[in-house]
Amino acid sequence: MAVKNQVQLITYPDSLGGDLKALNHALEKYFKDIFKGGIHILPPFPSSGDRGFAPLTYLEIEPKFGTWEDLKKIGENFDLLVDLMVNHISQKSEYFQDFMKKGRHSKYTDLFITLDKIWKDGKPVQEDIDKMFLRRQLPYSTFVIEETGEEESVWTTFGKTDPSEQVDLDIKSEHVRKLLKVFFENFKENNVKIVRLDAVGYVVKKLGTSCFFVEPDIYEFLDWIMELAQSLDIELLPEVHAHYSIQNKLADHEFWIYDFILPYRVLDTLVNKSSTDLKAYLKDRPHKQFTMLDCHDGIPVKPDLDDLIDTKAARKLVDVALDRGSNLSLIMSDEHKAEDGFDVHQIRCSYYSVLDADDDAYLAARAIQFFTPGIPQVYYVGMLAGENDVENVERTGEGREINRHNFTLEEIEQSLKKEVVQRLMKLIRFRNEYGAFNGEFEVLESKDDTIRLKWSKGAEQCWLFIDLNSNRAEIEYTDRNGELVQYIV
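Please read these numbers as outputs of a predicted model, since none were measured by experiment.

### Description of the overall build of the chain
Point 1. When helices and strands are counted, the chain shows 16 helices and 20 strands.
Point 2. In terms of overall size, the chain behaves like a compact globule, its C-alpha atoms giving a radius of gyration of 23 Å where 489 residues would be expected to give roughly 23 Å.
Point 3. With the principal axes as the frame, the chain shows a C-alpha extent of 75 × 50 × 45 Å.
Point 4. The 489 residues of the chain split such that 60% are buried.
Point 5. Here the chain has roughly 19900 Å² of accessible surface; of this, 46% comes from carbon and sulfur atoms.

### Points about the sheet that holds strand S20 (residues 484–488)
Point 1. Reading across the sheet, the five strands line up as S16-S17-S18-S19-S20 and stay open at both edges, with antiparallel pairing between neighbours. Because the sheet does not close on itself, it has two edges, and the strands there are strand S16 (440–443) and S20. In this sheet, adjacent strand axes meet at a mean angle of 15 degrees when their direction is disregarded.
Point 2. Pairing of strand S18 (residues 460–467) with strand S19 (residues 472–478) involves six bridges; the strand directions are antiparallel. Its bridge partner being in S19, Trp463 is matched across the sheet by Glu476.

### Some details on the packing of helix H8 (residues 262–272) against helix H9 (residues 276–283)
Point 1. Look at H8 against H9: their axes get within 8 Å of each other, and the N-to-C directions meet at 150 degrees. By the criterion of interaxial angle, the relationship of H8 to H9 is roughly antiparallel. Along the contact surface, H8 presents Leu262, Arg265, Asp268 and Thr269, while H9 presents Asp277, Leu278, Tyr281 and Leu282.

### So, the environment of Leu232
Point 1. In this structure, Leu232 sits in the loop between helix H6 (217–231) and strand S9 (235–238).
Point 2. The spatial distance from the C-alpha of Leu232 to the C-alpha of Tyr379 is 27 Å, given a sequence separation of 147 residues.
Point 3. Apart from residues no more than four positions distant in its own chain, Leu232 is found in contact with Phe184, Glu185 and Lys188.

### Section: the UniProt feature "domain: Glycosyl hydrolase family 13 catalytic" (unreviewed entry) in the chain
Point 1. On the UniProt side, "domain: Glycosyl hydrolase family 13 catalytic" (unreviewed entry) is annotated at positions that read residues 6–431 here.
Point 2. For residues 6–431, helix accounts for 37% and strand for 15%, while the C-alpha atoms at its two ends are 7 Å apart.

### Let's talk about the sheet that holds S9
Point 1. Across the sheet, which stays open at both edges, the eight strands sit in the order S9-S8-S3-S2-S1-S15-S11-S10 with parallel pairing between neighbours. This sheet does not close on itself; its edge strands, each paired only once, are S9 and strand S10 (257–259). The mean angle between the axes of side-by-side strands here comes to 30 degrees, regardless of whether they run parallel or antiparallel.
Point 2. Two strands pair when backbone bridges link them, and strand S2 (residues 38–41) and strand S3 (residues 80–85) are joined in this way by three bridges, in the parallel orientation. Directly across from Ile39, in S3, lies its bridge partner Leu80.

### Digging into the nonpolar core
Point 1. Among the nonpolar cores identified, the biggest contains 152 residues, and Phe31, Phe35, Phe112, Phe184, Phe187, Leu197 and Tyr351 are the most heavily contacted of them.
Point 2. When residues in this core are grouped by element, the largest group, nine residues, is from helix H12 (residues 359–371).
Point 3. The residues touching Phe187, leaving out its near neighbours within four places in the chain, are Phe45, Tyr58, Trp68, Val82, Asp83, Leu84, Val192, Val195 and Ile234.
Point 4. Membership of the second largest hydrophobic core comes to eleven residues, among which are Ile194, Trp256, Phe260 and Met292.

Rules used throughout
- Residue numbers run consecutively from 1 along every chain, following the written order of its sequence.
- Totals for whole chains, interfaces and linings use all residues, but because this is a predicted model, local features are given only for residues with pLDDT of at least 70 and pairs of side-chain atoms are given and counted only at 80 or more.
- Here the side-chain values reflect all heavy atoms present in the structure, with hydrogen atoms and water set aside.
- Comment: elements are numbered from the N terminus, with helices defined as DSSP H or I runs of at least four residues and strands as E runs of at least two.
- Here the globule rule is a power law, 2.2 Å times the number of residues to the power 0.38, and the radius of gyration is based on C-alpha atoms.
- For every residue, the accessible area (1.4 Å probe, protein chains only) is compared with the maximum for its type, and the residue is labelled buried under 20%, exposed over 50%, or partly exposed between those bounds.
- Here the accessible surface of atoms and residues is derived via Shrake-Rupley with a 1.4 Å probe, and residues count as covered only by protein chains that are part of the display.
- Here, a strand pair is defined by DSSP locating no fewer than two bridges between the strands.
- Throughout, an axis means a line fitted to C-alpha atoms (over the contacting stretch in the case of helices), and angles, computed between N-to-C directions, take values from 0 to 180 degrees.
- The cut-offs work like this: below 35 degrees is roughly parallel, past 145 is roughly antiparallel, 65 to 115 is roughly perpendicular, and the gaps in between are oblique.
- For this analysis, residues touch if any pair of their heavy atoms sits within 4.5 Å.
- UniProt positions are given in the numbering used here, feature names are shortened, and annotations may be inferred rather than shown by experiment.
- Take the buried residues of types Ala, Val, Leu, Ile, Met, Phe, Trp, Tyr and Cys, join any two whose side-chain atoms come within 4.5 Å, and each joined set is a nonpolar core.

What follows is the structure in structure tokens.
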């Protein structure tokens, strides 16, 4: 299948109305002509933590969200994108539960990375760990085996609890590859068109390396999984937060990639009223990308923008975001912080709030995103111009909940009446329907406090002009009669 060059929605299964049936109702009633590019449904599977990102299995739908039939129904009208946490699975999964009970006698032992697969004697060496890009203090967790009382340590890249909820899978194991094949075949049966490979950068563990995007080993796995997906007519979207050079390498291997640089660049442009860095970036980036401004995590900073930003200037921008109610996730390992100690991994916020709930600034941001080559994704909170949910953060103690508000159907209807949302929907329709976006892209010369972008295909041409001093965004385009039409975003 080919990914449609139109706008996609990102949502949790329970964030627009409460479950998959309600989501389908909302899509049918309000957004049928808006999200023609598809729907990215964040993990709807049974999960033991991390809001779906510690899945027990991919063969079932979490009952409180609905059934495969509900998901399939959405897939009849929209291209479905779902996540596969290719690096890990829940410790509550039947596979790991069996391992916790029987230890090395479990038929699932080989799915996991026991420490003797890394260090021959099974004893971790701190010197090796110091070189790794860590997402928690230690990259392994220790469990007591029920039948023997012995301790077993297995690799756990992620997880806030100890032992972690998320246990790494051994992608070198034939058992893991067979399991992944079963998961993909199930996706195919249920109308899934695109699979995001979540945390794929962490799948290779190799001593002497950072254990993150280990080359060339990772390409062997990516090539294998690409072949599997293509055999089922499924597109892949690897999710890798890393130095931009790694994204470029994935693009060179003809993978779709995420534009994790754009959200920061757009924010910086609108806050500091300067387009120089954004325009330079737009002239020199791969086009086969999914673009976004907001998501369920935050605005990427490190390592995605390493070597692209001055840390002093970045600190000032982060301070503006904090003043507007954002919170931060930070880099854990000292080795991967900037020389001056700058350690911001992501700025967590609603994108509408980080632009100070300024309608014009927000629409200008979306206009830049939609004119940037790639497949635009709009997060559901951003679609409804939702603001920072500080109460949710205080209630859960989880900083990312600032941008994860669940909307009731009544709240959706109220939000849709907002002028900023009406303007956004009009802009999305234009991006979906105007043919020039399948043509040639240009960054036109302009002053530092303005932006001029252009798309053209045959007789169809459209221009975006933004005045950063006023945040006014204007589109000009040729209509079917060849007449020039102006449209204030």
